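Chain residues, written in single-letter form:
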Amino acid sequence: MKARIWGCRGSLPTPGPRTLGFGGNTSCVSVELDNDALVVLDAGTGIHELGLRIEPGDSRPIHVCLTHLHLDHLEGLRFFAPLWRPESEIHIWGPPSPVSPLFERIARSFSPPLFPIRLSDVPCSLSFHDVPGGEWQVGPARLLAEPVIHPGPTLGFRVDGGGRTLAYIPDHEPFLGGEHGGRASDWLSGYAVAAEVDVLVHDAQYTADEYASRVGWGHSSIDQTVRYARAAGARRLVLFHHDPLRSDDELAALRDRAAVLWGAGGRPPELAEEGMEIRL
């Protein structure tokens, strides 16, 4: 199983010289499963470049797993090249809603005046699925999605393939109700997704000082992210969903802070960056 990061910025795309090192595209991570299927985690602007790399005629089914429908996780879908190829088979998975089906919720961004072509008119073979209540199979891998703390229905995803596991929780505020103190780790939001994974890709948008004025916004401070990864028993932590105002130099300083917080034992936390490959 191999993962690749195509976008790791939060909230809005941030092109420019201050973000060239780690990238300015919004959330998108691909996971290749032994050439049998392609899982795409979120459809931020990073999915555009991924789509350009998928050759016409590639017959693999593509499974786009949306953590939630905020625009920074959906805005690239309209420009995903396989969507416009009749031979493509694309499955879109997302959080269920008692109000309207997934197709209708996504279709709002595929309609005039926001976009000239309606979702019902795209030429590929397109299917929509509410995530199930337990694990499901995609090619040779097992997937699990669980609700996590973030405004609006939001999921974290776990991908298990070839005896290795990757968890993806890009928007998450697990300590909104306070520190978990002496309570069992499985009390934590998203624990079933993150527990004992080989790689945890997790929201780390704020410094501790910034978080104090942003409680309830749905994101974590770097300190909280490290504590969460340690409590979940993750073996490797990749810091994700970088604040749009954060420069490359400022991100490097956050990485250094995370390394101090992580302490001895195991691989220190890493910063997600566009083009980064994660081999499991």
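What you see is a predicted model; the values in this text were computed from it and never measured.

Visitor: Even after reading the chapter, I still don't get the pattern of salt bridges, so can you show me in this structure?
Guide: A pair can form between side chains of opposite charge whenever their charged atoms are brought close. Here the structure, examined in full by the defined rule, presents 15 salt bridges. With a closest N to O distance of 3.2 Å, Arg142 and Glu135 form a salt bridge. Given the relative accessible area of 34%, Arg142 is considered partly exposed. The structure contains a network of salt bridges with shared partners spanning Lys2, Arg4, Glu277 and Arg279.

Visitor: Help me understand the packing of aromatic side chains in this model?
Guide: Each aromatic ring pair is characterised by the separation of its centres together with the angle its planes make. In this structure the tally under the stated criterion is six aromatic pairs. Taking the centre distance of 5.3 Å and the plane angle of 80° together, the rings of Phe103 and Phe128 count as edge-to-face. Here Phe103 is found in helix H2 (residues 102-107), whereas its partner Phe128 is found in strand S6 (residues 125-130), with 25 residues between them in sequence. Its relative accessible area of 23% is what places Phe128 among the partly exposed residues. Taking 5.6 Å as the distance between ring centres and 75° as the angle between the ring planes, the aromatic pair formed by Tyr168 and Phe240 counts as edge-to-face. Of this pair, Tyr168 sits in strand S10 (residues 164-169) while Phe240 sits in strand S12 (residues 237-240); the two residues are 72 residues apart in sequence, bridging distant segments of the chain. Per residue, the accessibility class of Tyr168 equals that of Phe240, and both read buried. Among the aromatic residues, those joined into a cluster by ring pairs are Phe79, Trp84, Phe110 and Phe115. Cation over ring: Arg230 sits above Trp262, and NZ or CZ is 3.9 Å from the ring centre.

Visitor: Is there a simple way to explain the sheet that holds strand S3 (residues 37-41) in this structure?
Guide: Strand pairing within a sheet occurs via backbone hydrogen bonds; the two strands may be parallel or antiparallel. Pairing is mixed in the open sheet, where seven strands are placed in the order S6-S5-S4-S3-S2-S1-S14. Sheet topology places S6 and strand S14 (277-279) at the edges, where each strand pairs with a single neighbour. This sheet shows a mean twist of 20° between the axes of neighbouring strands, independent of strand direction. Note that strand S2 (residues 28-33) and S3 share five bridges and pair antiparallel.

Visitor: Sorry if this is basic, but what is going on with the pairing of strand S4 (residues 62-65) here?
Guide: In regular strands, side chains alternate between the two faces of the sheet. Here S4 shows no split at all, with Ile62 and Val64 on one side and His63 and Cys65 on the other all buried. Sheet analysis places S3 next to S4, joined by four bridges and oriented parallel. Among the inter-strand pairings, Leu38 is bridged to a residue of S4, identified as Ile62. Crossover handedness for the path S3 to helix H1 (residues 46-53) to S4: right-handed. As paired elements, S4 and strand S5 (residues 89-94) share four bridges and run parallel to each other. By the bridge assignment, Val64 is partnered in S5 with Ile92.

Reading the values: rules and limits
Residues numbered from 1 in each chain as written. Predicted model: local features only at pLDDT ≥ 70, side-chain atom pairs only at ≥ 80, totals over all residues. Heavy atoms only, no water. Salt bridge = Lys/Arg side-chain N within 4 Å of Asp/Glu carboxyl O. Buried < 20%, exposed > 50% of the residue type's maximum accessible area, 1.4 Å probe, protein only. Phe/Tyr/Trp six-rings, centres within 6.5 Å; stacked < 30°, edge-to-face > 60°. Helix = DSSP H or I, 4+ residues; strand = E, 2+ residues; numbered from the N terminus. Lys NZ or Arg CZ within 6 Å of the ring centre and 35° of its normal. Pairing = 2+ DSSP bridges. Axes fitted to C-alpha atoms, helices over the stretch in contact; angles between N-to-C directions. Right-handed = clockwise from strand over helix to strand, strands pointing away.

Everything listed is a geometric property; what it means functionally is a separate question.
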